[in-house]
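Examining the three-dimensional arrangement
One-letter residues, chain by chain:
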Amino acid sequence: MKLNNLQISSFRGATKPVTIDFDPSKKITMIFAENGNGKSTIADAFICLLTDNRGSLDDKSSIDPQFIKSLGTGTGETKITLNTDSGTFSASLAGTAKDFTKSPSTGLPPLRFLRRSQIINIMNLKPSERYNSLKDYIDVSGIYSAEEELRKTSRDVDSELENSVRVLASAKDTLEQAWTKEGKPQGDMLVWAKTQSEIDLSKDKIALKTLNLLTNEWRAIDNKYKEILSSIGIVKASQLAFNNASEALKKLQAESINNNASLFTLLQQAKNYIAAKDPIKNCPVCSSDIDKTKVLASLDKQITSMDALGKAAKLVEDTKKTNDRNIAIQNKAVENFSNLLIKYKNSIARYKTDVPDIAPFVDSIGTDINANYTCFTANITPLTALFARIETAEKLKSKAIEQHNFIKTQFETITLQLTKSEKLGKLSIATAKALAIVEKERKDYYDAELLSISGEVEQMYQKIHPKEGLGGIKLFLNPKFKTSLELQANFHTEEGITPQSVYSESHLDTLGICIFLALAKKYSTGDTILVLDDVVMSVDDKHLDRFIELLHDEEKHFGQIIITTHYRPWRERYRNNRAPTGNVQFLELRNWTKENGIRVFNSKIVLAELKQLLADEADFHRENIAGTAGRMLENLLDYITLKYSSRLPRKPKADYQLHELLTGLSKELLKVFRVEHYTKDEGGKYTVLSNNIPLLEVIDKLKQLKAVRNQVGAHFNFDGQLVSDDDVIEFGKATVEFAELLICAETGALPDKDSSGSYWETKSGSIKLYPLVDPK
């Protein structure tokens, strides 16, 4: 997959729409910027678009998710679009939505990403947390889920088997007690139980149902009879209360002719009538004019004087109501009682011949309520005796049926559990074996995966740290825990130790990078986009060169590698051709502001800048040409003097000037100093010699022009003003010529391989630099 461009709008630092154009011919894109200019915004845009993560925001706590949108966006739309040769992929965040809407929602390009915080985490986290940080790569949660489900099934089967055996034992014990109590008939408990459970008790159950009906009817009669007896006392008491109240009222009325209950009642009614009328001006009886207030006051006075009579009248009224209600209740109870007697008579009529004592009751019960009550009281003794016989028969029948049901239930339980426990026993053995197989396969798979990853990490780490007494990297799961990822390494004579205990911070950093690269490589489909967001902070020259070489060795396993960094030495390695630039695109971000957002510029290597300065006749700048050529030349000579261990003046710092570097090359070396250029054969390999160029003449020419750098490109002085433009141009062109003799046109790298033992060679094989060592 080739990337064309990434468009970002209203996302984090992209306060203005910005487009990052990619060079499809370049495998690696380096985005350089000082901190705060938008590197992480670009990296996070890839992550938010192509994964379910939120990029660098995931590394922080207490974040406000609304600020994934740019400042000032409000409820406007945030949008990220990636255009590739395989299609267009976009993600948008509209309004107050918290999750991106992606189009298409599936089939997104695979992405792996690494940030500085992840490197720190993999080194510093606990083993269980380390596993979680890498589970996107080596997650076997699906396998664990299936294994746990099988383990749960195994536990459930064992538990069910244990319960079945327990129920079977209990049923046998219970049945044996009943069998023993019966005298152990038929000599075999199960044979006896089978025989008993097969007995047909349908007639007995019908008989029991009839007996239940009779006992229920009798109990209803008995309860209602008790209710009537109670009501007799209640009516007698309420009648007495009414009689007493009536006598008291008569006595009060006899004491005063005027104090009679009827008058009291009339006055009360008159008061209530007049009080309710508003207005009222005439008497409702004689139509005379009245004063409502005075009339009501007069009525209150008369009513008050008759209060005792009123209370007595009220008591008579209340006691009468109570007595009438009690009589009604009693009559209703007697009526219901009669209905129950009729129903019971019909139920026991069939027993009249077998129980002659109940004949008078059966024959006398009719429709007369009072006669039925009298009949019952006259026959209560034989009826009670009959109920006792029915109740006894009911208990015996019920007990016989219960015993039958008990034996049948226990026998069926034993039969069922015998079959069930046998099946569960076989299933328990099968699930245990299956679980053991799944556990072993999972562990073997995981161990194989981690062993493979560990081997890849070890190879990568040794490329960066050869012969340093480090390595032996091993990732493995702690067998005591399901998700505990352990990390061990060697340190000189010590083996199998935690590297955090003895490795330096920079060594731990490169180890973390190697682990992530190995994982990303293993699970890459070849189209995977790899984002490295500020992963290198501080590393010396040698290890930086080896890391860059490792990255270029692994680039073929990914569709695209996006590097964001503020580490200038890394950038300068490429700019000065101290690292292969042929497959690298350079972008630079400058001076972010809220008003302008992210500003993207194409960046060039120093050699390209020098060529552009020389070609720009319209805007000719002699000082820039001299200065750029001088720095480029110092860079090349610094590389050469290091390779040949040239003798240079001893200085506190290795800040050698152009003159010192040029004169540092020995005469013996310059005599044999040459390059061979090769072209590709039919097989695409550099095997055809095209040029053999001695370098002495070029070096001598540069020595003659070296003053141009100091006089024109480094200092302000009178002598520099005397240097002609032609000399400046010649110095620049001589530097370009020297650079192009040494730098591979395909990879942009200098000769740095010594596999032949006779010369230095570029990785592509296009250039060979002779000799391998200074013959001095």
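Remember, predicted model here, so these are calculated numbers, not experimental data.

A few words now on the overall build of the protein chain. Within the protein chain one finds 22 helices and 18 strands. In terms of C-alpha radius of gyration, the protein chain reaches 55 Å, well past the compact-globule figure of 28 Å for 776 residues. For the protein chain, the spread of C-alpha atoms along the three principal axes comes to 160 × 110 × 45 Å. In the protein chain, buried positions account for 43% of the 776 residues. Only carbon and sulfur atoms are counted for the fraction: they give 52% of the accessible area of the protein chain, which is about 41200 Å². Positive and negative side-chain charges of the protein chain, numbering 104 and 104 respectively, have mean locations separated by a distance of 6 Å.

Of all hydrophobic cores here, the largest spans 100 residues; its most connected members are Leu511, Ile515, Trp570 and Phe738. Sorting elements by how many residues they give to this core places helix α13 (residues 505-522) first, with 10 residues. Those residues in contact with Phe738 that sit more than four places away from it in its chain are Leu633, Leu636, Leu637, Ile640, Val698, Ile699 and Leu702. Counting 33 residues, the second-largest nonpolar core is a separate cluster that includes Leu57, Ile80, Leu82 and Ile529.

Taken as a whole, the largest pocket holds about 1300 Å³ of empty space. What lines the largest pocket is a set of 36 residues, among which Asp545, Glu549, Arg578, Asp752 and Lys753 lie closest to the centre. Elements with a minimum of two residues in the lining of the largest pocket: α14 (541-554) and α17 (622-643). Counting residues per element, the lining of the largest pocket draws most heavily on α14, at 8 residues.

Another point: the sheet that holds strand β16 (residues 686-694). As a general point, the strands of a sheet are linked pairwise by backbone hydrogen bonds and lie either parallel or antiparallel. Across the sheet, which stays open at both edges, the 4 strands sit in the order β16-β15-β18-β17 with antiparallel pairing between neighbours. Two strands close off the open sheet at either side, each with one partner strand: β16 and β17 (760-761). As judged from the 2 bridges shared by β17 and strand β18 (residues 767-770), these two strands associate in the antiparallel manner. Each bridged residue has a counterpart across the sheet, and for Trp760 the counterpart in β18 is Leu769. Relative to strand β15 (residues 674-680), helix α22 (residues 725-742) is tilted by about 60°, and along the sheet it contacts β15, β16 and β18.

The buried fraction of strand β5 (residues 87-93) is high, at 5 of 7 residues. In terms of strand pairing, strand β4 (residues 78-84) meets β5 through 7 bridges, oriented antiparallel. The partner of Leu82 across the bridge, within β5, is Phe89. Connecting β4 to the antiparallel partner β5 that follows it, the hairpin turn spans 2 residues.

Counted under the stated rule, the structure contains 45 salt bridges. Taking the shortest distance from any N to any O, the salt bridge between Asp99 and Arg54 comes out at 3.7 Å. Of this pair, Asp99 sits in the loop between β5 and β6 (101-103) while Arg54 is found in the loop between α1 (39-50) and β4, placing the two residues 45 residues apart along the sequence. We classify Asp99 as exposed; its relative accessible area is 58%. Residue Arg219 pairs with Glu391 through a salt bridge whose shortest N-O separation is 3.3 Å.

Let's shift gears to the environment of Leu589. Relative to the assigned elements, Leu589 resides in strand β13 (residues 584-589). With relative accessibility at 3%, the residue Leu589 sits in the buried group. In this structure Leu589 touches Ile31, Phe32, Ala33, Asn37, Gly38, Lys39, Ile42, Ile598, Arg599 and Val600, once residues within four positions along its chain are discounted.

Throughout the structure, instances matching the rule amount to 16 aromatic pairs. Ring geometry for Trp218 and Phe376: centres 6.2 Å apart, planes at 40°, overall tilted. Of this pair, Trp218 sits in helix α6 (residues 202-255) while Phe376 sits in helix α11 (residues 369-378), placing them 158 residues apart in sequence. Assessed through its relative accessible area of 2%, Phe376 is described here as buried. An angle of 40° between the planes, with centres 6.3 Å apart, marks the rings of Tyr225 and Tyr373 as tilted. Placement of Tyr225 in helix α6 and of Tyr373 in helix α11 is noted, with a sequence separation of 148 residues between them. The two residues Tyr225 and Tyr373 agree in class, both being buried.

The next point concerns the state of the cysteines. What the rule picks out here adds up to 0 disulfides. Considering cysteine sulfurs only, Cys283 is the nearest to Cys286, which forms no disulfide, with 3.7 Å between them.

This part takes up empty space enclosed by the protein. All chains considered together, the criterion is met by 1 cavity of 30 Å³ or more. In this structure, the largest cavity occupies an estimated 90 Å³ of space. If you go around the largest cavity, the residues you meet are Arg116, Ser506, Asp509, Thr510, Ile513, Val535, Val536, Met537, Ser538, Val539, His543 and Phe547. Residue assignment for the lining of the largest cavity shows that the elements contributing at least two residues are α13 and α14. If one sorts the elements of the lining of the largest cavity by residue count, α13 sits on top with 4 residues. Within the lining of the largest cavity, the residues separate by chemical class into 6 nonpolar, 4 polar and 2 charged.

Moving on, we come to helix α15 (residues 568-575). It helps to recall that an α-helix has 3.6 residues per turn; residues three or four apart then point in one direction. Within α15, burial applies to Trp570, Arg571, Arg573, Tyr574 and Arg575. Along its buried surface, α15 packs onto β3 (28-32), α14, β12 (560-565), β13 and α16 (606-615). Of the residues one or two after α15, Asn577 is the one with positive phi, at around 60°.

With that settled, the discussion passes to unusual backbone geometry. Omega for the bond connecting Asp278 with Pro279 falls within 30 degrees of zero, at 5°, which places this linkage in the cis form. With respect to the secondary-structure elements, Pro279 resides in the loop between α7 (261-276) and α8 (292-305). Of note in the backbone geometry, Lys467 takes a positive phi value of approximately 55° without being a glycine. Residue position: Lys467 is located in the loop between α12 (380-464) and β8 (470-477). Residue Lys467 is classed as exposed on the basis of its relative accessible area, which comes to 86%. The backbone of Asn577 shows a phi angle near 60°, a positive value even though the residue is not glycine.

With respect to the helices and strands, the residue Asp324 is situated in helix α9 (residues 307-348). The exposure class assigned to Asp324 is partly exposed, which follows from its relative accessible area of 36%. C-alpha separation for the pair Asp324 and Lys205, spaced 119 residues apart in sequence, amounts to 48 Å.

Definitions and limits used
- Residues numbered from 1 in each chain as written.
- Predicted model: local features only at pLDDT ≥ 70, side-chain atom pairs only at ≥ 80, totals over all residues.
- Heavy atoms only, no water.
- Helix = DSSP H or I, 4+ residues; strand = E, 2+ residues; numbered from the N terminus.
- Rg over C-alpha atoms; globule rule 2.2 N^0.38 Å.
- Buried < 20%, exposed > 50% of the residue type's maximum accessible area, 1.4 Å probe, protein only.
- Areas by Shrake-Rupley, 256 points an atom, 1.4 Å probe, with all protein chains shown as cover.
- Lys, Arg positive; Asp, Glu negative; His and termini not counted.
- Charge placed at Lys NZ, Arg CZ, Asp CG, Glu CD.
- Core = buried A, V, L, I, M, F, W, Y, C linked by side-chain atoms within 4.5 Å.
- Contact = heavy atoms within 4.5 Å.
- 1 Å grid on protein atoms, 1.4 Å probe; cavity = no way out; pocket = protein on both sides within 12 Å on 5 of 7 lines; lining within 4 Å.
- Points joined across faces, edges and corners; volume = space filled by probe spheres on them.
- Pairing = 2+ DSSP bridges.
- Axes fitted to C-alpha atoms, helices over the stretch in contact; angles between N-to-C directions.
- Salt bridge = Lys/Arg side-chain N within 4 Å of Asp/Glu carboxyl O.
- Phe/Tyr/Trp six-rings, centres within 6.5 Å; stacked < 30°, edge-to-face > 60°.
- Disulfide = S-S within 2.5 Å.
- Nonpolar A, V, L, I, M, F, W, Y, C, P; charged D, E, K, R; others polar.

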